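# Survey of secondary and tertiary structure
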Amino acid sequence: MSILYTEERSFTAEQLERLFLSVDWESGKFPERLKKALDNCGAVFSAWDGEKLVGLANGIDDGEMTAYVHYLLVDPDYQGQGIATRLLELMRKRYRGYHHFFLVAEHKELVGFYEKQGFTEQSDTSVMLFNEHNDE
């Protein structure tokens, strides 16, 4: 199997929905909004097995100083094959020279993976979230 990596945003809302729901991410329940969001963010790298979208990473940035890896996900059937590592390499290359390059590990079991990729856990910070939809 040969995985193709691209910056082209040729994915459909349906392909995004399938990928995001394959890892139980809430964003997959809003495929049209997700497609629009990814079409408008700073950077997107996707991984393809033929016509199947199997991985994706996107970055949000201010154009100069700070960038965030917002999404990094790989279809469970393709995990363990180095796809996430390659997607992070592409993101690091894209944001080389930025003063800060962040990501949030939403699950503690992922911290070791990110540390292997060169990230360090910041014990002096807290991730804060305001979600106006929490009361619904």
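The following paragraphs examine the structure supplied in this document. The model shown is predicted, which means the values in this text are computed figures rather than measured ones. (Residues numbered from 1 in each chain as written. Predicted model: local features only at pLDDT ≥ 70, side-chain atom pairs only at ≥ 80, totals over all residues. Heavy atoms only, no water.)

Moving on: the side chain of T66. Topologically, T66 is positioned in strand 4 (residues 66–74). For T66, the contacting residues outside a window of four places in its chain are I60, D61, Y98, H100 and F102. (Helix = DSSP H or I, 4+ residues; strand = E, 2+ residues; numbered from the N terminus. Contact = heavy atoms within 4.5 Å.)

This brings us to the packing of aromatic side chains. Under the criterion given, the structure shown has 5 aromatic pairs. With centroids separated by 5.8 Å and ring planes inclined at 70 degrees, the aromatic side chains of F20 and W25 adopt a geometry described as edge-to-face. On the accessibility criterion, F20 (0% relative accessible area) is buried. Pairing Y95 with Y98 gives two aromatic rings, centres 5.0 Å apart and planes at 85 degrees, and the pair type is edge-to-face. Each member of the pair, Y95 as well as Y98, is classed as buried. An aromatic cluster is built from F20, W25 and Y71, whose rings are joined through pairwise contacts. Positioned over the ring face of Y5 is R86, at 6.0 Å from the centre of the ring. (Phe/Tyr/Trp six-rings, centres within 6.5 Å; stacked < 30°, edge-to-face > 60°. Buried < 20%, exposed > 50% of the residue type's maximum accessible area, 1.4 Å probe, protein only. Lys NZ or Arg CZ within 6 Å of the ring centre and 35° of its normal.)

Another aspect to go through is the packing of helix 1 (residues 13–22) against helix 2 (residues 31–39). Axis separation between helix 1 and helix 2 bottoms out at 8 Å; the angle between their running directions is 105 degrees. On the basis of the axis angle, helix 1 is roughly perpendicular to helix 2. Residues A13, E14, L16, E17 and F20 of helix 1 form the contact with helix 2, whose participating residues are P31, E32, L34, K35 and L38. Grouping the constituent residues of the contact of helix 1 with helix 2 by class yields 6 nonpolar, no polar and 4 charged. (Axes fitted to C-alpha atoms, helices over the stretch in contact; angles between N-to-C directions. Parallel < 35°, antiparallel > 145°, perpendicular 65-115°, else oblique. Nonpolar A, V, L, I, M, F, W, Y, C, P; charged D, E, K, R; others polar.)

L72 and I83 are the most contacted members of the largest nonpolar core, which has 20 residues in total. Every element with two or more residues in this core is listed here: strand 2 (43–49), strand 3 (52–61), strand 4 and helix 3 (83–94). Ranked by size, the runner-up nonpolar core spans 14 residues in total, among them L19, L38, C41 and Y71. (Core = buried A, V, L, I, M, F, W, Y, C linked by side-chain atoms within 4.5 Å.)

The residue R9 is located in the loop between strand 1 (4–6) and helix 1 in this model. Sequence separation between R9 and K35 is 26 residues, and the spatial gap between their C-alpha atoms is 9.1 Å. Once residues lying within four places of it in the same chain are set aside, the contact partners of R9 are K35, L38, D39, N40, C41, G42, A43 and V44. At a separation of 3.0 Å, a polar atom in the side chain of R9 contacts the main-chain carbonyl oxygen of C41. Within the structure, the side chain of R9 is placed 3.4 Å from the backbone oxygen of G42, a separation counted as a polar contact. (Polar contact = N/O pair within 3.5 Å; in protein donor to acceptor, adjacent residues only side chain to side chain.)

With a phi angle near 60 degrees, D24 is a residue other than glycine that sits in the positive phi range. Assignment of secondary structure puts D24 in the loop between helix 1 and helix 2. Judged by its relative accessible area of 70%, D24 is exposed.

In this section: helix 2. Taken together, the buried positions of helix 2 are occupied by P31, L34, K35 and L38. One face of helix 2 carries all of its buried residues, which in axial projection span an arc of 100 degrees. Facing away from the buried side of helix 2 by more than 90 degrees, the exposed set consists of E32, R33 and K36. Of the surrounding secondary structure, the elements contacted by the buried residues of helix 2 are helix 1, strand 2, strand 3 and strand 4. (Arc of directions from axis to C-beta.)

By themselves, these are just geometric observations and shouldn't be taken as functional.
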